Amino acid sequence: MAPTMDNNTTTITTVEIIKEMPEEAHPMKGGDDLNSYSQNSCYQKGVIEAAKAVIVEAVHEKMDLENNIITTFDPSKPFRIADFGCSTGPNTFFAMQNIVEVVDNRYKSLLKNQQVEFHVYFNDHANNDFNMLFRSLPQNRDYFAAGAPGSFYSRVFPKASLHFAHCSYALHWLSKVPKEIQDKNSPAYNKGRIHYTGTEKQVVKAYFSQFQKDLDSFLKARAQEIVGGGLMVIQIPGLPSGEVLFSRTGAGMLHALLGSSLMDLVNMGIISEESVDSFNLPQYHPSIEELEMLIEMNGSFTLEKIGALNHPMKNLAFDAQMTSLQVRAIMEGILTKQFGDKILDQLFEIYTNKLQENYIVFDKEIRKDADLFLILKRKIN
Ligand SMILES: C[S@@+](CC[C@H](N)C(=O)[O-])C[C@H]1O[C@@H](n2cnc3c(N)ncnc32)[C@H](O)[C@@H]1O
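Residues numbered from 1 in each chain as written. Predicted model: local features only at pLDDT ≥ 70, side-chain atom pairs only at ≥ 80, totals over all residues. Heavy atoms only, no water.

Let's talk about the environment of Glu24
Rule in force here: The secondary structure listing takes helices from DSSP runs of H or I that are at least 4 residues long and strands from runs of E that are at least 2 residues long, numbered from the N terminus. Note on contacts: a residue pair is in contact if any heavy atoms of the two residues lie within 4.5 Å.
Turning to its location among the elements, Glu24 is positioned in the loop between strand E2 (9-13) and helix H1 (42-50). For the pair Glu24 and Lys337, spaced 313 residues apart in the sequence, the C-alpha separation amounts to 11 Å. Beyond its immediate chain neighbours, meaning those up to four positions away, Glu24 contacts His125, Ser175, Lys176, Val177 and Pro282.

Here it is, written out as structure tokens:
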């Protein structure tokens, strides 16, 4: 609480103190070795490539530069961009360079003789490999760079300090596993599986409810940080349109086979059944309808556009080995926390074989997965 002078009377106003909520953090595999995220994230890179056109459209059609050039988008002050859930690179660098170039071109078309400066903030959990990120920052970048550690489900930036927010392939990570699904006495107890399939109603409900809370926290925090009229572009793996069960998507099947590979280790006596029963992935893949409803309920942003991206890798044949390496780079942290790192090589050998055995199914189903994009604009209060 801080006393402030208001209309010549002393009033007490609440100063919002930003405390990071205690929550789970599962950063991607750091470094740049063969199993690292930086070497195994070409699917996420494809998402960023596919979203390039979305960013161009957002900046050209949704950012009202002309009418706010001496206020919100004053070119004598830095234009501030943040990437929420940036990981270690290099994907975040492609995304940030693209945003900088598109915004810079718009400024240039309006102001012939003024050079706008850009400040890019890279956000992720504090235990993300930021050293790797900073070491590999592009030499020829057109922006100043800074790290912004902390969960994006809390405040990360000061009020009205960002002009553009970006978040790719990160918002499907929940702040925690919903507690009901780990409670043996709850109807939502998720025994024998590590994720939801879409048929166990109580389990899906618990996951959705956690996603609803988390997305609302994310939007509330960003609503404070983004200037009125500022934009946010999000890419998130989602559920394809129609009555599709998560278990029938490529992502759902990847998770189910990871669960069954863990069960193979149980049957071989390497890990306990109890350890698998108490392990669940904190991820939710929303539908377009769910996102529309939650953004509307939050009320701080207008949803300017939502849709599915045309991912370039969907035209390529399914590659079991590469997919296994990608899943390992994402999941190694969370698996190590639960089972230790000794099981990893064996687990992913089993997993790769299972992916290979199911080649035909994956080759078909992965194509149907929906990589969703959203363009949001901060309402002007
Ligand atoms: C799959 S990676 C995506 C990285 C990058 N955006 C890309 O497209 O390659 C997801 C990232 O989101 C981060 N993440 C997940 N939950 C987060 C949270 N609550 N706050 C900040 N970062 C988070 C993870 O640590 C991870 O680095």
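Following the structure, the description resumes.
Quick word on the environment of Asn315
To be explicit about the condition: Think of it in three bands: with a 1.4 Å probe and only protein chains considered, a residue is buried below 20% of the maximum accessible area for its type, exposed above 50%, and partly exposed in between.
On the secondary structure map, Asn315 appears in the loop between strand E8 (301-308) and helix H9 (320-339). Looking at Asn315, the relative accessible area reads 67%, which means it is exposed. Remark: the alpha-carbon pair of Asn315 and Ala221, spanning 94 residues in sequence, is separated by 37 Å.

With respect to the pattern of salt bridges
Definition in use: Only one rule defines a salt bridge in this text: a Lys or Arg side-chain nitrogen within 4 Å of an Asp or Glu carboxyl oxygen.
Summed over all chains, the structure comprises 18 salt bridges. Notably, a salt bridge pairs Lys29 with Glu332, separated by 3.7 Å at the nearest N-O pair. Of this pair, Lys29 sits in the loop between E2 and H1 while Glu332 sits in helix H9, and the two are 303 residues apart along the sequence. Look at Lys29 and you get partly exposed, because its relative accessible area is 23%. Judged by its relative accessible area of 11%, Glu332 falls in the buried class.

What to know about the confidence of the model for the chain
As a reminder of what qualifies: Here pLDDT means the predictor's own confidence in every residue, given as a number from 0 to 100.
Predicted confidence across the chain gives a mean pLDDT of 92, with 94% of residues reaching 70 or more. Every residue in residues 1-18 is under pLDDT 50, and counting partners more than four places away or in other chains gives 18 contacts.

Let's talk about the packing of helix H2 (residues 52-62) against helix H3 (residues 91-110)
Definition in use: For every element, the axis is a line fit to its C-alpha atoms; helices are fit only across the contacting stretch, and the angle between N-to-C directions ranges from 0 to 180 degrees. Between 65 and 115 degrees an angle is taken as roughly perpendicular, under 35 as roughly parallel, over 145 as roughly antiparallel, and anywhere else as oblique. Helix crossings get a hand from a simple test, with the near helix turned counterclockwise from the far one by less than a right angle marking a left-handed crossing and a clockwise turn marking a right-handed one. Residue type decides the class: Asp, Glu, Lys and Arg count as charged, Ala, Val, Leu, Ile, Met, Phe, Trp, Tyr, Cys and Pro as nonpolar, and the leftover types, Gly among them, as polar.
Where H2 meets H3, the closest approach of the two axes is 10 Å, and the angle between their N-to-C directions is 30°. With respect to H3, the element H2 is oriented roughly parallel. Relative to H3, H2 is oriented so that their crossing is right-handed. Here Lys52, Ile55, Val56, Val59 and His60 of H2 lie close against H3, whose contacting residues are Asn98, Ile99, Val102, Val103 and Arg106. Residues of the contact of H2 with H3, tallied by class, amount to 6 nonpolar, 2 polar and 2 charged.

Things to note about the sheet that holds strand E4 (residues 118-124)
To keep it simple, the criterion reads: When DSSP locates at least two bridges between a pair of strands, those strands are taken to pair.
The strand order across the open sheet formed by 7 strands is E5-E4-E3-E6-E7-E9-E8, and the pairing between neighbours is mixed. What marks the edges here is a single partner per strand, and that holds for strand E5 (144-149) and E8. Direction aside, neighbouring strands of the sheet carry axes that sit 15° apart on average. Here strand E3 (residues 79-84) pairs with E4 via 6 bridges, running parallel. Its bridge partner being in E4, Ile81 is matched across the sheet by Val120. Across the sheet, H3 lies against E3, E4 and strand E6 (162-168), angled at about 150° from E4, the strand it touches most. In this fold helix H5 (residues 201-225) packs onto E3, E6, strand E7 (226-238), E8 and strand E9 (370-378), with an angle of close to 150° to the strand it touches most, E7.

Describing the site of the ligand
For clarity, the threshold we go by: Nearness here has a simple test: a residue counts as near a molecule or strand if at least one of its heavy atoms is within 4 Å of that partner. Under this definition, polar contacts are N or O atom pairs within 3.5 Å; protein pairs additionally need one hydrogen-donor-capable and one acceptor-capable atom, and for neighbouring residues in sequence, both atoms have to be side-chain atoms. Per-residue and other accessible areas follow the Shrake-Rupley method at a 1.4 Å probe size, with only the shown protein chains counted as cover for residues.
Taken together, 21 residues lie near the ligand, and Tyr37, Gly85, Asp124, Phe152 and Ser168 sit nearest. Take Asp124: an N or O atom from its side chain is 2.6 Å from an oxygen atom of the ligand. A distance of 3.1 Å separates a nitrogen atom of the ligand from a polar side-chain atom of Ser151. In isolation the ligand has 600 Å² of accessible area, and contact with the protein removes 98% of it. When contributions to the shell around the ligand are tallied by element, the ones reaching two or more residues are H1 and E4. When its residues are assigned to classes, the shell around the ligand shows 10 nonpolar, 9 polar and 2 charged.

As for the environment of Leu376
Inspection of the secondary structure puts Leu376 in strand E9. The buried category is assigned to Leu376, whose relative accessible area is 0%. Sequence spacing of Leu376 and Gly229 is 147 residues, and the spatial spacing of their C-alpha atoms is 9.5 Å. Residues contacting Leu376, with those up to four places away along its chain left out, are Leu219, Gly230, Leu231, Met232, Ile234, Ile295, Phe301, Thr302, Leu303 and Glu304.

Things to note about the nonpolar core
As a reminder, the rule being used: Here the nonpolar core consists of buried residues drawn from Ala, Val, Leu, Ile, Met, Phe, Trp, Tyr and Cys, with membership extended through side-chain atoms lying within 4.5 Å.
Among the nonpolar cores identified, the biggest contains 45 residues, and Phe84, Leu171, Phe218, Met232 and Ile234 are the most heavily contacted of them. Looking at this core, the elements that each hand over two or more residues are E3, E5, E6, H5, E7, helix H8 (288-298) and E9. The biggest single contributor to this core is H5, with 10 residues. Contact partners of Ile234, with chain neighbours within four places excluded, come to Cys167, Leu171, Phe218, Leu372, Phe373, Leu374 and Leu376.

Some points on the packing of aromatic side chains
For clarity, the cut-off: Each aromatic pair joins two rings of Phe, Tyr and Trp (for Trp, the six-membered one) with centres within 6.5 Å, and gets the label stacked for planes under 30 degrees apart, edge-to-face for over 60, and tilted for any other angle. Whether a charge sits over a ring depends on NZ of Lys or CZ of Arg being within 6 Å of the ring centre and within 35 degrees of the ring normal.
All told, the structure shown has 21 aromatic pairs when counted by the stated rule. A ring pair is formed by Phe279 and Phe339, whose centres lie 5.2 Å apart and whose planes are at 65°; its orientation type is edge-to-face. Of the two residues, Phe279 sits in the loop between helix H7 (273-277) and H8 while Phe339 sits in helix H9, which places them 60 residues apart along the sequence. Of the residues examined, Phe279 reaches a relative accessible area of 4% and is grouped as buried. A connected cluster of aromatic rings, assembled from ring pairs, spans Phe84, Tyr121, Phe152, Tyr153, Phe157 and Phe218. Lying over the aromatic face of Phe301, Arg378 brings its terminal NZ or CZ to 6.0 Å of the ring centre.

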